[in-house]
Amino acid sequence: MSLLTTLQQARAAQTQYAQPLSRLRYLHVADQPMLILPLNRPGETARPLAVMAGSDPSSPQLFLAPPGDDDRFLAVLAEHLHAYIHSFQHATRIRPAKGEQPERREYLDAPQLVVTGTASVYYLKTLGRALRYRPIPEGTDPATSVSHLGRWLTFFTERAEYASSSLLLNLTSLLSTHWATGQSALEDAHLAPLMAWIFPPHGRTGHQAALTVENPLQHPPDGPTIDPSFETAQLTSLFADLKSARGSRREHHVTRLREALESYLTPTWNLAWEALSTLRGMPPIPSTTTRWDTDIRRFTAHSDHLDAGGPPQPKQDDAVTAAVRLAELEHAAASLEAARALEDTFVMAERRTTGEAFSGTVTHTEPDRKIKPQGPRQRAKRRPLLTVRTTDPVRLEPNRLLAGPHDPAVHMAVCDITYTSDATEIVLEVRTRVSSPHSVPAVGTTLLLTTAPDHFRRPQFPGRDQIPWTHTGPVLGAPKEEQA
């Protein structure tokens, strides 16, 4: 947590009103996302009792799984989500070849799932893992099967781990990047108290509004775990009635269960759409479109994988795949923060407190500097130098590429850092767009610089045949004497 975020949280606690951390949105919010509110059965792991889902705020659909009716529930839920996903698999465009990438087809848009918090993301991930290995019944269309539902849920929840992805939005996590409250992170993970802090009713402070929604009977938690008071007051007796009922009596009790769960989920449903509307109304930073294009490419690739009959996602990654995935997650998070800093003054100010960005004055320039050719067939390259003096704290290492809001395409490499008693002098070498008028600012210009988003490169990993035996595990299918 940065110094600025801590300061805003302290101000929120003092004033009892949420404080802004950013007024610009960095993730894409679709026009018609699919909101999903899962509820799990008490005392069991990843066994849904109900799911409220839909892309129309005025017509939520409740999918109910009363005891003994799980298969029909999953089939109907799979049909509903597949209809939403397949609606994006018609309109396509052709991307021309670029560099080493050949010409390719991709969809114009992608579906977007929305949940209220991290617990729901983990729940859908667990549910997807439980469903994706189910056999597809004979005569069933694989594209609408429960198995494919599990594979789609796995795909969306895996993409949710990437900070730059918008395919699965986590509302409380996203809201917490835009507002600081005076309550704990655990309380911020629940939608009702978080929204109460951000948008308190007239005449109440955020703190007072959050205290009001702590009553679970009047403001049910957003799940997927059911509140114990609701379970004790209503579910226990309903389950007991369902267990012994048959025929019309069972239908009657199923209707009662449906009405109880609708009343439980509807407040969260309305609150989630209100949060989505707020986020949609915030102006996006320019690079949001680029990140959504990446999501569309991922969606197209996974659709093609399913259409080609590819296998489901493995239960566990091997050592190389896990290392590559970890590097990609770190790269996505670091690049996103750097891009946000270049386009959002709030984030840039926050990075200046941590030494990842600085503001300084240009004290010396060498605009015509050239470096010698590295080979007989190469020419001398123009590499201008400039020196920047700053009083900000600096935590940068040599060769790191920097960029600034004045022209994010101009990248400057850190060549040398000299610390003095009252300031820091940084020598920079311009590496890209050396002919740009913004590449070498004049002496006396104030520069604002931070890490360039393209600075982060994926490290090289060994091939799968080069993994040490300590990371490969037992050899599957090997003779027992060889294993011994």
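Residues numbered from 1 in each chain as written. Predicted model: local features only at pLDDT ≥ 70, side-chain atom pairs only at ≥ 80, totals over all residues. Heavy atoms only, no water.

Participant: It is not clear to me how the sheet that holds strand E16 (residues 424-430) should be interpreted in this structure. Could you clarify?
Facilitator: In a beta sheet, neighbouring strands are held together by backbone hydrogen bonds and run either parallel or antiparallel to one another. With antiparallel pairing, the six strands of this closed barrel are ordered in space as E10-E13-E16-E15-E14-E17. When strand polarity is set aside, the average angle formed by the axes of neighbouring strands in this sheet is 45°. In this structure, strand E10 (residues 357-366) lies alongside strand E17 (residues 446-451), joined through five bridges in antiparallel fashion. Opposite glycine 360, over in E17, you have leucine 447 as the bridge partner. (Pairing = 2+ DSSP bridges. Helix = DSSP H or I, 4+ residues; strand = E, 2+ residues; numbered from the N terminus. Axes fitted to C-alpha atoms, helices over the stretch in contact; angles between N-to-C directions.)

Participant: Would you mind showing me how to read the packing of helix H12 (residues 319-343) against helix H13 (residues 345-354) here?
Facilitator: Packed helices, taken two at a time, are described by the angle their axes make and the gap between the axes. Relative orientation of the contacting elements H12 and H13 amounts to 115°, with a least axis distance of 5 Å. Here H13 runs roughly perpendicular to H12, going by the angle between their axes. Handedness of the crossing formed by H12 with H13: left-handed. In this structure, H12 uses Glu337, Ala338, Arg340, Ala341, Leu342 and Glu343 to contact H13, whose residues at the interface are Thr345, Val347, Met348 and Arg351. (Parallel < 35°, antiparallel > 145°, perpendicular 65-115°, else oblique. Left-handed = near helix turned anticlockwise from the far one by under 90°. Contact = heavy atoms within 4.5 Å.)

Participant: In this structure, what is going on with the nonpolar core? I would like to understand it.
Facilitator: Buried together is how nonpolar side chains tend to be arranged in soluble globular proteins. With 42 residues, the main nonpolar core has Leu171, Leu175, Leu257 and Leu261 as its most contacted residues. At the level of elements, strand E2 (34-40), strand E3 (48-54), strand E4 (61-64), helix H5 (171-176), helix H7 (191-198), helix H9 (228-244) and helix H10 (247-281) are the ones that each hand at least two residues to this core. Looking at which element gives the most residues to this core, the answer is H10, with twelve residues. When sequence neighbours within four positions are dropped, the list of residues in contact with leucine 257 reads Leu49, Leu64, Pro66, Leu235, Leu238, Phe239 and Leu242. Membership of the second largest hydrophobic core comes to 35 residues, among which are Phe63, Leu81, Leu127 and Leu167. (Core = buried A, V, L, I, M, F, W, Y, C linked by side-chain atoms within 4.5 Å. Buried < 20%, exposed > 50% of the residue type's maximum accessible area, 1.4 Å probe, protein only.)

Participant: Explanation requested: the pattern of salt bridges in the structure shown.
Facilitator: Note on pairing: side chains with opposite charge can pair once their charged atoms come close. Summed over all chains, the structure comprises 16 salt bridges. Among the salt bridges present, the one from glutamate 397 reaches arginine 400, with a minimum N-O distance of 3.0 Å. (Salt bridge = Lys/Arg side-chain N within 4 Å of Asp/Glu carboxyl O.)

Honestly, that's just the spatial picture; any functional story needs more than this.
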